[in-house]
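These are the residues of each chain, in order.
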Amino acid sequence: MKIAGCGAVVITFLPRIAFAARNSLQGLRTGAQPGGKTRLVIETSIRPSYSLDYLSEPARLVVNLSNTAGASGVKPSLASGTLIKSLSQEQVGDKLQIIATLTKSISEIPKSQIMILEPNGDSGHRLVFDFSAGTAPAATTTTTAAAAPTKKTRPPVIVIDAGHGGKDPGAIGRTGIREKNIVLTVAKKLKTRLDERGYKVFLTRDKDIFLNLDTRAGIAEKNHADLFISLHANANPSRDMKGFSVFTLSKKASDEEAQKLADAENAADKIDVDGFKKFEPNIKLALSALQQHAVSELSVEFAAGVSKSFKSAGIAQQPGPALRQAPFGVLRSTIPGALVELGHLSNAAEEKLLNSSDHQDNLVKAIARAIGKYDFDI
Ligand SMILES: [Zn+2]
């Protein structure tokens, strides 16, 4: 593929499509938005499924649209003075790559957002990226109409993951209460409450079965979840340790204890040899910096909401920072989300609480309240 000079539009030769693509490209445009934002809109015939890659020299964002046919008739429409200087499409098997050549490296574009918009008026399904470099690029003209503003057209989709299950009991309390059972009960209660409030809710498991971490994250992806919440209960060598904690994903743990906890929670996959083999390469296939940034910002926002809501419900917090980060396998997806350790089964009083229906209801109410306050931006 050749990239021409600044401002040029390159249409890559599209080979004859030898597969039955479900999706097709219908539009490709950029626009300058208020506040110096650059908007990239990729319009498709059905809801797009995508992954991202990032290439340097020149800085390019590659959007891989799965099972999508390109269209040589779709000419990119480029607004001048934005962070995108050219757009091209390239068919790679059944995947269509949209290549956006950027005027800055991705690390200089710290504030980015990705949205999938449903058809609205004359517009079809759209994958929308908003890039912001912090300082406003000098937008001289706006030649392209921007995508329609976001509008609530469907209920938010939430995937609730009850940790562990089947051969993996998770933490075990002093009286033999098992994490896998407690979190399943809480997950089911939470689903009932959220169903009543009009959310579309899926559970990764609704019975005592073992699922590897990749399968759990995959359920969120498959259902195009807007939010993923993984429920756990903790154990600590110190029987005095108690309280909840909320985690978001990061490559590096925020502290040594968080790393130990992630190791313990991730260890379950080692029981399932096949699952673990499949999981490892996926970790290496780390999400692009851009996507990670957008997902982690939303995840932290949600995690902070859960923490706040628990505290205002009088639920004991584990000593230490309210929000922590660790490389949890189950959070490895493109969906914003958090892992909540509801409390410590290793603490006698808290084991009793976690097993009580009233306390479980309090936990569910507090999580539902945080979800109610979360800005889904659909
Ligand atoms: Zn756990």
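Keep in mind the model is a prediction, meaning the values are calculated, not measured.

Novice: Tell me about a positive patch on the surface, residues and numbers included.
Specialist: Taken together, the side chains of Lys308, Lys365, Arg369 and Lys373 make up a positively charged region of the molecular surface. Position of Lys373 among the secondary structure elements: in helix 8 (residues 357-373). The exposure class of Lys373 is exposed, given its relative accessible area of 70%.

Novice: Kindly report on the coordination of the zinc ion, identifying the contributing residues and their values.
Specialist: The coordination sphere of the zinc ion contains the protein donors His164 (NE2), Glu179 (OE), His232 (ND1), Glu265 (OE) and Glu265 (OE), at a distance range of 2.0 to 2.4 Å. Sequence positions of the donors to the zinc ion reduce to the motif H-x14-E-x52-H-x32-E. With His164 in the loop between strand 10 (157-162) and helix 1 (179-196) and Glu265 in helix 3 (residues 256-266), this residue pair connects regions lying 101 residues apart in the sequence. The class for His164 is buried, based on a relative accessible area of 6%.

Novice: Could you give an account of the sheet that holds strand 14 (residues 323-326), with specific residues and numbers?
Specialist: Taken together, 6 strands build an open sheet; the order of strands is 11-10-12-15-13-14 and the sheet is mixed. Unpaired on one side and paired on the other, strand 11 (200-203) and strand 14 mark the two borders of the sheet. On average, adjacent strands in this sheet sit at an angle of 25° to one another, irrespective of strand direction. Note: strand 13 (residues 245-249) against strand 15 (residues 337-344), 3 bridges, orientation antiparallel. Note that in strand 15 the partner of Ser245 across the bridge is Glu341. Packing of helix 8 onto the sheet brings it into contact with strand 10, strand 12 (227-234) and strand 15, and relative to strand 12 it is tilted by some 150°.

Novice: Break down the packing of aromatic side chains for me, citing the residues and quoting the values.
Specialist: The tally for this structure, following the rule as stated, stands at 5 aromatic pairs. Taking the centre distance of 5.2 Å and the plane angle of 75° together, the rings of Phe247 and Phe328 count as edge-to-face. Here Phe328 lies in the loop between strand 14 and strand 15 and Phe247 lies in strand 13, a separation of 81 residues in the sequence. The same class applies to Phe247 as to Phe328, namely buried. Here Tyr374 and Phe376 contribute two aromatic rings whose centre-to-centre distance is 4.9 Å and whose plane-to-plane angle is 85°, an arrangement assigned as edge-to-face. Across this residue pair, the class does not change: Tyr374 and Phe376 are buried.

Quick notes on the rules
- Residues numbered from 1 in each chain as written.
- Predicted model: local features only at pLDDT ≥ 70, side-chain atom pairs only at ≥ 80, totals over all residues.
- Heavy atoms only, no water.
- Patch = residues over 30% accessible without salt bridge, like charges linked within 9 Å, V, L, I, M, F, W, Y side chains within 5 Å.
- Areas by Shrake-Rupley, 256 points an atom, 1.4 Å probe, with all protein chains shown as cover.
- Salt bridge = Lys/Arg side-chain N within 4 Å of Asp/Glu carboxyl O.
- Lys, Arg positive; Asp, Glu negative; His and termini not counted.
- Charge placed at Lys NZ, Arg CZ, Asp CG, Glu CD.
- Helix = DSSP H or I, 4+ residues; strand = E, 2+ residues; numbered from the N terminus.
- Buried < 20%, exposed > 50% of the residue type's maximum accessible area, 1.4 Å probe, protein only.
- Donors = N, O, S within 2.8 Å, 3.2 Å for Na, K, Ca; no water.
- Pairing = 2+ DSSP bridges.
- Axes fitted to C-alpha atoms, helices over the stretch in contact; angles between N-to-C directions.
- Contact = heavy atoms within 4.5 Å.
- Phe/Tyr/Trp six-rings, centres within 6.5 Å; stacked < 30°, edge-to-face > 60°.

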